[in-house]
Amino acid sequence: MKRLSPRLKEAAALVRKVDTIADVGTDHAYLPIYLIEHGVCRRVIASDLRTGPLENARANVEAAGLSERIELRLSDGLTNYRPNEAQDIVIAGMGGILIAEILDKAEWLRHGDRHLVLQPMTHAEVLRAYLMANGYRILRESVCEDGGNLYCFLSCAHTDKPQKYDAFYEYYGELPNSSDRLAGVYLRRLKDRCLREAAAVGDSDRPRADRLRRIAQKLESL
Ligand SMILES: C[S@@+](CC[C@H](N)C(=O)[O-])C[C@H]1O[C@@H](n2cnc3c(N)ncnc32)[C@H](O)[C@@H]1O
């Protein structure tokens with residue numbers, strides 16, 4: 001079995017020890033194979049939107065001798081899942097906007113003891129804003145380094161308790177509460193990106209440039 005990347009190892013470290021885990025957008029099924037081989041869960045539902053990745057996944061799962069434990073399923077997001085099929089759900093390696101759309105189409109996620117592990121490649125702020133507006137609580141966030149890039153992970157659950165958020169929370173979430181050194185590096189890079197974008201926007205869109213500078217100030221203050 002191919003060694004799991006640091007990014008997918010982080011995903012594996014964040015799920016709970018439960019009966020069934022869903023890996024949405026599994027592609028090669030490396031994560032499900034690792035989860036079963038390391039005794040994290042009894043069963044994984046590994047789904048993907050496209051048949052090509054699922055065929056790759058099938059070859060890897062069969063080579064690992066895990067066809068009985070890993071169910072491969074064609075599914076657009078969680079639309080082809082039944083409620084209660086999995087306790088923990090991983091959605092990694094997709095854009096934050098797509099992850100938010102996937103969550104939005106699965107109303108059943110809002111009931112019961114579900115735990116989500118989300119790893120947006122882009123637009124983490126859009127995903128956090130979605131979570132904030134839809135009763136999800138970000139329990140913790142972590143950052144991992146893989147191939148010179150930093151990746152942010154959000155562990156979330158739905159809650160009926162209303163939450164209060166500071167300004168621009170969608171840009172930093174729970175990262176300031178992380179003791180992880182990389183969380184600070186991630187936030188500094190984000191601040192620098194906001195400042196660069198503000199400079200590029202300049203006078204062509206003053207309100208947007210001002211907002212980006214305010215976000216950078218907030219990130220600096222954390
Ligand atoms: C970049 S790969 C990420 C694979 C793996 N999750 C990881 O983090 O390494 C993205 C995968 O998500 C799948 N995908 C894209 N949109 C999807 C959707 N709406 N529902 C399920 N899978 C989707 C793609 O087919 C692709 O296999």
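For the structure, see preceding data.
The numbering scheme is per chain: residues are counted from 1 as the chain's sequence reads. In keeping with the model being predicted, local features are shown solely for residues with a pLDDT of at least 70 and side-chain atom pairs are shown and tallied solely at 80 or more, while totals for entire chains, interfaces and linings include all residues. Side-chain calculation: all heavy atoms of the structure are included, whereas hydrogens and water are not.

Overview of the site of the ligand
Part 1: The full set close to the ligand counts 18 residues, and R7, G25, D48, D76 and G77 are the nearest of them.
Part 2: Separating a nitrogen atom of the ligand from a backbone N or O atom of G77 is a distance of 2.7 Å.
Part 3: Pairs of N or O atoms are called polar contacts if they sit within 3.5 Å, as long as, within protein, a hydrogen donor faces a hydrogen acceptor (for residues adjacent in sequence, only side-chain-to-side-chain pairs). Here A92 contributes a backbone N or O atom positioned 3.0 Å from a nitrogen atom of the ligand.
Part 4: When isolated, the ligand has an accessible area of 600 Å², and the protein chains bury 84% of it.
Part 5: Secondary structure elements follow DSSP: runs of H or I no shorter than four residues count as helices, runs of E no shorter than two count as strands, and numbering proceeds from the N terminus. Of all the elements in the fold, those that place two or more residues in the shell around the ligand are α1 (6-14), β4 (88-94) and α4 (96-104).
Part 6: By residue class, the composition of the shell around the ligand is seven nonpolar, six polar and five charged. Throughout, the term near means that a residue has one or more heavy atoms lying within 4 Å of the molecule or strand in question. Method for areas: the Shrake-Rupley scheme with a 1.4 Å probe, in which residue coverage is limited to the protein chains shown. Charged means Asp, Glu, Lys or Arg here, nonpolar means Ala, Val, Leu, Ile, Met, Phe, Trp, Tyr, Cys or Pro, and polar covers whatever is left, Gly included.

Things to note about the side chain of E170
Part 1: Mapped onto the elements, E170 comes out in helix α6 (residues 169-172).
Part 2: Note on contacts: a residue pair is in contact if any heavy atoms of the two residues lie within 4.5 Å. Apart from residues lying up to four places away in sequence, E170 is in contact with A124, E125, R128, A129, M132 and R211.

A short note on the pattern of salt bridges
Part 1: Whenever Lys or Arg places a side-chain nitrogen within 4 Å of a carboxyl oxygen from Asp or Glu, that contact is recorded as a salt bridge. Under the definition given, this model contains 17 salt bridges.
Part 2: One salt bridge connects E220 with K191, and the closest N-O pair in it is separated by 2.7 Å. Taken as a pair, E220 in helix α8 (residues 206-221) and K191 in helix α7 (residues 181-201) lie far apart in primary sequence, 29 residues in all.
Part 3: Judged by its relative accessible area of 52%, E220 falls in the exposed class.
Part 4: Overall, the relative accessible area of 16% leaves K191 in the buried class.
Part 5: Where D210 meets R213, a salt bridge forms, and the shortest distance between an N and an O atom there is 3.3 Å. Residue D210 and its partner R213 are both found in helix α8; the two are separated by three residues, about one turn of the helix.
Part 6: By relative accessible area, D210 is classed as partly exposed at 33%.
Part 7: Relative accessibility decides the category of a residue: with a 1.4 Å probe and only protein chains considered, values under 20% of the type maximum give buried, values over 50% give exposed, and everything between is partly exposed. Judged by its relative accessible area of 36%, R213 is partly exposed.
Part 8: Overlapping salt bridges bring together R43, E71, R73, R82 and E85 as one network.

Observations regarding the nonpolar core
Part 1: Side-chain atoms within 4.5 Å are what join buried Ala, Val, Leu, Ile, Met, Phe, Trp, Tyr and Cys residues into a set we call a nonpolar core. Formed by 48 residues in total, the largest nonpolar core has its most connected members in L78, I89, I91, L103, L109, L118 and L131.
Part 2: Here the element with the most residues in this core is α7; it accounts for nine residues.
Part 3: These domain boundaries are the output of an automatic or database domain assignment. Residue contributions to this core reach at least three from each of two domains, namely domain 1 (6-162) and domain 2 (179-222).
Part 4: Among all residues touching L103, those that are not within four sequence positions of it are I91, L109, L116, L118, L127, Y130 and L131.
Part 5: By size, the runner-up hydrophobic cluster in this structure holds 30 residues, among which are I33, I36, L66 and C144.

What to know about the packing of aromatic side chains
Part 1: Note on aromatic pairs: the rings of Phe, Tyr and Trp (six-membered ring only in Trp) are paired at centre separations within 6.5 Å, and the planes decide the class, stacked below 30 degrees, edge-to-face beyond 60, tilted for the rest. Per the counting criterion, the structure on display carries four aromatic pairs.
Part 2: Between Y169 and Y172 the ring centres are 5.7 Å apart and the planes differ by 70°, which places this aromatic pair in the edge-to-face class. Linking Y169 with Y172, this pair stays in helix α6, spanning three residues, or about one helical turn.
Part 3: An aromatic cluster of three or more residues is present, and its members are Y165, Y169 and Y172.
Part 4: It is R7 that lies over the ring of Y151; its NZ or CZ is 5.7 Å from the centre.
Part 5: One Lys or Arg, R73, reaches over the ring of Y81 and ends 5.1 Å from the middle of that ring. Lysine NZ or arginine CZ positioned within 6 Å of the ring centre and within 35 degrees of the ring normal marks a charge as sitting over the ring.

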